[in-house]
Amino acid sequence: ELAMPEIDLSRIMILGSSGGGTASFYAACMDERIGFSAPACAFCSYKTSILDILHCTCNFIPSASLWFEMEDLAALIAPRRLMVCTGVLDDIFPIDGVREAYAGVETIYKSAGAPDACRLLEMPKGHYFCHDRVWPAERALRNRKARLVGLKGPPAPKNPRIFSEKPPRKKRFLRGGIVFFNILC
């Protein structure tokens, strides 16, 4: 039980970029309280990214590729909302590997009966978090899922000021009962 009654547990969201994106994806896999995960510049098949390109150690689960691919872990998140954010010019998480892995995510979400709860957001840059694209896409994904189940989605922050020129490494934000976790590595 949460000791902070002002927090609506149904509205917990996590997002991060790069190593923080990896952490946000894995956190959503492990914690069912997270209702929406938006890993950015982090999601890709292991074979075309982690195993093929030099990465920092925060991206690794030892021996994971012997047992599963990154997209397989989406089964631990479905039917909760997942938005994979990627830069089409990202040279360490290549777009072809992201698209290939995301196709597996779509299959998993369709099997879970939640095909509209996932989305691939392709951003027009490289290894960079485009917050100006993420928030409108999150709102659209939330509202699309809400319409499907006959619910009104919770309001998005009016003007989220989560990222400045130099974002903090870790910070928690409360906005109208929504908890945002900004994880950067």
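A. Main features of the overall build of the protein chain. When helices and strands are counted, the protein chain shows three helices and six strands. Seen in sequence order, the protein chain has helices and strands lined up from the N terminus as β-α-β-β-α-β-α-β-β. Here the protein chain holds 185 residues, and 49% of them are scored as buried. Expressed as a percentage of contacts within the protein chain between residues at least 6 apart in sequence, the contacts between residues at least 24 apart total 65%. Roughly 9800 Å² of accessible area belongs to the protein chain as shown, and the carbon and sulfur atoms make up 56% of that amount.

B. Representation of the state of the cysteines within the structure. Tallied over the full model, the rule gives zero disulfides. You can see Cys85 has no disulfide; the closest cysteine sulfur is in Cys41, sitting 8.1 Å from it. Since its relative accessible area comes to 1%, Cys85 is described here as buried.

C. Expanded view of helix H2 (residues 95-111). Over its 17 residues, H2 runs 24 Å from end to end, which matches the ideal 24 Å to within 8%, given 1.5 Å per residue. Three or more residues of H2 are buried, namely Ile95, Gly97, Val98, Ala101, Tyr102, Val105, Ile108 and Tyr109. For H2, the angular spread of the buried residues around the axis is 140°, confining them to a single face. In H2, those exposed residues whose orientation departs by more than 90 degrees from the buried face are Asp96, Thr107, Lys110 and Ser111. Summarising the contacts, the buried residues of H2 are in contact with strand S3 (81-87) and strand S4 (118-123).

D. Local environment of the pairing of strand S1 (residues 12-17). The buried count for S1 comes to six of six residues, which makes it a mostly enclosed element. You can see the chain leave S1, run along helix H1 (residues 19-30) and come back into strand S2 (residues 36-40), and the turn it takes is right-handed.

E. Molecular detail of the side chain of Glu69. Within the secondary structure layout, Glu69 lies in the loop between S2 and S3. The contacts of Glu69, once residues within four sequence positions are left out, are Ser45, Tyr46 and Lys47.

F. Expanded view of the nonpolar core. The biggest cluster of nonpolar side chains holds 28 residues, and the ones touching the most others in it are Phe25, Phe43, Ile77, Leu82, Val105 and Tyr109. Contributing elements (two or more residues each) for this core: S1, H1, S3 and H2. In contact with Val105, other than residues within four places in its own chain, are Phe43, Glu71, Ala74, Leu82 and Cys118. Membership of the second largest hydrophobic core comes to 16 residues, among which are Leu15, Met83, Val134 and Trp135.

G. Main features of unusual backbone geometry. Ala78 connects to Pro79 through a cis peptide bond whose omega is 10°. Tracing the chain through its elements places Pro79 in the loop between S2 and S3. Of note in this structure, Ser18 is not a glycine but carries a positive phi near 65°. Structurally, Ser18 is set in the loop between S1 and H1. Even without glycine at this site, Cys41 takes up a positive phi of about 50°.

Reading guide: rules and limits
Within each chain, residues carry numbers counting from 1 in the order of the written sequence. In view of the model being predicted, local features appear only for residues whose pLDDT reaches at least 70, and side-chain atom pairs are presented and counted only at 80 or more, with totals across whole chains, interfaces and linings using the full set of residues. Only hydrogens and water are set aside when side-chain values are computed; all heavy atoms of the structure are taken into account. Helix and strand definitions here come from DSSP, where helices need a minimum of 4 consecutive H or I residues and strands a minimum of 2 consecutive E residues; each element is numbered from the N-terminal end. For every residue, the accessible area (1.4 Å probe, protein chains only) is compared with the maximum for its type, and the residue is labelled buried under 20%, exposed over 50%, or partly exposed between those bounds. The criterion used for residue contact is that any of the two residues' heavy atoms lie within 4.5 Å. Each accessible area value is a Shrake-Rupley result obtained with a 1.4 Å probe; residue values ignore everything except the protein chains displayed when judging cover. When two cysteine sulfur atoms are found within 2.5 Å, that pair is recorded as a disulfide. By definition here, a helix of n residues has an expected span of 1.5 Å times n minus one. Working note: the arc is built from the helix axis to C-beta atom directions. The handedness rule is simple: strands pointing away from the viewer, and a clockwise path from the first strand over the helix to the second, make the crossover right-handed. We define a nonpolar core as any set of buried Ala, Val, Leu, Ile, Met, Phe, Trp, Tyr and Cys residues linked to one another through side-chain atoms lying within 4.5 Å.

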